[in-house]
Amino acid sequence: MGIVSTILGFCGFGVGISIGLVIGYYLFIYFQPTDVKDPIVRPLVEQDSKTLQRLLPEIPQWVKNPDYDRVDWLNKFIENMWPYLDKAICKTARTIAKPIIAEQIPKYKIDSVEFEALTLGSLPPTFQGMKIYVTDEKELIMEPCMKWAGNPNIMVAVKAFGLKATVQVVDLQVFAAPRITLKPLVPSFPCFANIFVSLMEKPHVDFGLKLLGADVMAIPGLYRLVQELIKDQVANMYLWPKTLQVPIMDPAKAMKKPVGILNVKVVRAMKLKKKDLLGASDPYVKMKLTEDKLPSKKTTVKHKNLNPEWNEEFNLVVKDPESQALEIVVYDWEQVGKHDKMGMNVIPLKELTPDEPKVLTLDLLKNMDPNDAQNEKSRGQIVLEALYKPFKDSEIPKDVEDSDEIQKAPEGTPAGGGLLVIIFHEAQDVEGKHHTNPYARLLFRGEEKKTKSIMNDDKKAILAFDKHPLPNPTMYIKKNRDPRWEEEFQFPLEEPPTNDRIHVEVISTSSRMGLLHPKETLGYVDINLSDVVSNKRINEKYHLIDSKNGKIQIELQWRTSS
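Residues numbered from 1 in each chain as written. Predicted model: local features only at pLDDT ≥ 70, side-chain atom pairs only at ≥ 80, totals over all residues. Heavy atoms only, no water.

1. Remarks on the pattern of salt bridges
Consideration 1: A full pass over the atoms with the stated rule returns 11 salt bridges.
Consideration 2: Connected through salt bridges with shared partners, the residues Glu426, Arg484 and Glu486 form a single ionic network. (Salt bridge = Lys/Arg side-chain N within 4 Å of Asp/Glu carboxyl O.)

2. Describing the packing of aromatic side chains
Consideration 1: Scanning the model with the defined rule gives five aromatic pairs in all.
Consideration 2: Centre to centre, the rings of Tyr284 and Tyr331 are 5.8 Å apart; their planes meet at 20°, and the pair counts as stacked. Here Tyr284 is found in strand β12 (residues 283-289), whereas its partner Tyr331 is found in strand β15 (residues 325-332), with 47 residues between them in sequence.
Consideration 3: With relative accessibility at 8%, the residue Tyr284 sits in the buried group.
Consideration 4: The interplanar angle of 70° and the centroid separation of 5.1 Å between the aromatic rings of Phe444 and Phe491 together place this pair among those described as edge-to-face. Pair noted here: Phe444 is in strand β20 (residues 438-444) and Phe491 is in strand β22 (residues 484-493), with a separation of 47 residues, a long-range link.
Consideration 5: Cluster of aromatic residues (ring-pair linked, three or more members): Phe424, Trp485 and Phe489. (Phe/Tyr/Trp six-rings, centres within 6.5 Å; stacked < 30°, edge-to-face > 60°. Helix = DSSP H or I, 4+ residues; strand = E, 2+ residues; numbered from the N terminus. Buried < 20%, exposed > 50% of the residue type's maximum accessible area, 1.4 Å probe, protein only.)

3. With respect to a nonpolar patch on the surface
Consideration 1: Residues Phe77, Met81 and Tyr84 make up a contiguous nonpolar surface patch of roughly 340 Å² in combined accessible area.
Consideration 2: Relative to the elements of secondary structure, Phe77 occurs in helix α4 (residues 72-104).
Consideration 3: Under the relative-accessibility criterion, Phe77 is labelled partly exposed at 47%. (Patch = residues over 30% accessible without salt bridge, like charges linked within 9 Å, V, L, I, M, F, W, Y side chains within 5 Å. Areas by Shrake-Rupley, 256 points an atom, 1.4 Å probe, with all protein chains shown as cover.)

4. A closer look at unusual backbone geometry
Consideration 1: For the peptide bond that leads from Lys183 to Pro184, omega is -15°, which places it in the cis range.
Consideration 2: Its identity as a non-glycine residue notwithstanding, Lys304 has a phi of 50°, on the positive side.
Consideration 3: By secondary structure assignment, the location of Lys304 is in the loop between β13 (297-298) and β14 (309-318).
Consideration 4: With a phi close to 50°, Arg445 is a non-glycine residue in the positive phi region.
Consideration 5: For Arg445, the position within the fold is in the loop between β20 and β21 (447-450).
Consideration 6: Judged by its relative accessible area of 45%, Arg445 is partly exposed.

5. Regarding the nonpolar core
Consideration 1: In terms of nonpolar packing, the biggest core is built from 28 residues, with Ile422, Phe424, Ile502, Ile552, Ile554 and Leu556 touching the most fellow members.
Consideration 2: For this core, the elements supplying multiple residues, two or more each, are β19 (418-428), β20, β22, β23 (501-509), β24 (519-528), α8 (530-535), β25 (537-543) and β26 (551-559).
Consideration 3: With 26 residues, the next largest nonpolar core counts Val264, Met287, Phe314 and Ile328 among its residues. (Core = buried A, V, L, I, M, F, W, Y, C linked by side-chain atoms within 4.5 Å.)

6. Focus: helix α5 (residues 222-238)
Consideration 1: Here α5 is 17 residues long and its end C-alpha atoms lie 24 Å apart, about the 24 Å a rise of 1.5 Å per residue gives.
Consideration 2: Among the residues making up α5, those that are buried are Gln227, Lys231 and Ala235. Down the axis, α5 shows its buried residues gathered within 60° of arc, on one side only.
Consideration 3: Considering only its buried residues, α5 is in contact with β8 (204-211). (Expected span 1.5 Å × (residues − 1). Arc of directions from axis to C-beta. Contact = heavy atoms within 4.5 Å.)

7. Describing the sheet that holds strand β11 (residues 260-270)
Consideration 1: Spatial strand order, β14-β11-β18-β17: four strands in an open sheet with antiparallel pairing. Pairing within the sheet leaves two strands with one partner each, and these edge strands are β14 and β17 (358-363). Put simply, the sheet's adjacent strands are angled 25° from each other on average, direction ignored.
Consideration 2: The pairing of β11 with β14 spans eight bridges and is antiparallel. Bridging across to β14, Leu262 finds its partner in Leu316. (Pairing = 2+ DSSP bridges. Axes fitted to C-alpha atoms, helices over the stretch in contact; angles between N-to-C directions.)

Listed below in structure tokens is the structure:
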């Protein structure tokens, strides 16, 4: 009976399963829901940008954003240099961390903290794109998009109370969008004085942490807590506008601003060797400071004299007394042809004691090569009096101060008011239909100002070196699409011009006499002054309205007495 029941049970199970499958199939086929619709398939070209970014999150920035440039060359460079960069970065990290650790461990009664292993692995970071900002200041702003999924091996051994614990960081991932600013730009290598680093958004940091061989980050809730803690701490320190400043060099030394005056009196020369076959020589002296682009100073010519006396004084601007030297060369003047060099010598400024006059008698040499045997030949001597006078703080010339520093308003300015300064620097790509002889016209509170002259680079150099005005300051340079004015206008105001604006117009005047097209507007722009009151200084290029490509660079300053 038991066997029969077992057989019937198996048969019933098989029959039940078969009947159930058949009924389920027919129910699935004939009783489908009527509200189900086929998915809409759309080509990618019809998707909006947000949908595409959601579908393809790993698209590089240079594809998603036209402001970012492709930097495959940089990734290739880093890939080839990574083995060396890895060692250099780790060595620098050890050097920086060592004094910090030595200062901190006594506070926590820790015996020692040492790196047992420190390597960034074999996988370099990659840059998905880079954005460059163009400003009118002396700076370079870059925003790279960096992603690094590395395989570093960082092991730190901590010893305390006779016990040793090893902490290991593995599988590090860092996604960040930093802003790197190099400023100010200076004419000395590496051509910038400081590096400023900020984060434009909170970084993504992911890593594994092993303690005594166990993965600490596997503890429930700890991973998210540590990740959010790192994001918040880094953001509090370096999220824009907060910055990390890395000084590279002293900006004052890099810009080589004047630090003193060298007074040189050329007294006389003795026993000069004549260079002319017939008669005596006609000597004169040229002198200049090394690393200086200004023209040399020259004495008068003493005709037919091998023991001339000049007693002439000269002042030279010193920018770096530790590296600069005074170069003295005696020449034989020739009415026709090249002037012959009679001898030379050099005085390093670091050998001069400040504010103490010194009389120097120098032998004239052929050149400054100590191994040249021709320098043993006598060429005469020259006598000089030198006095180096360093500037005091109150004596530093105003024209060499930091151009970014805002001057104060003059005395007598109302307490609630100030001085509005408008400086016209230059214009670019301005072009008229009939003529292009541009000047700038300014309208502010019913008052009109006009620029008077246009300088090209040659005339600007003459003004800088000779400090003489142009013979005709109202002269215009004809057919100039890129005029440079460098003119300043000042408006004393009793209250800040928060709700005011200025109207700037670039106008071309015909250089020919006639009634046809005497003047022509090349473009204009209206500028609100609320920003300059808040920021104290703005130096920007503005696009000219009604001009195809024209721009004008205007600097605005709001100077107050406080």
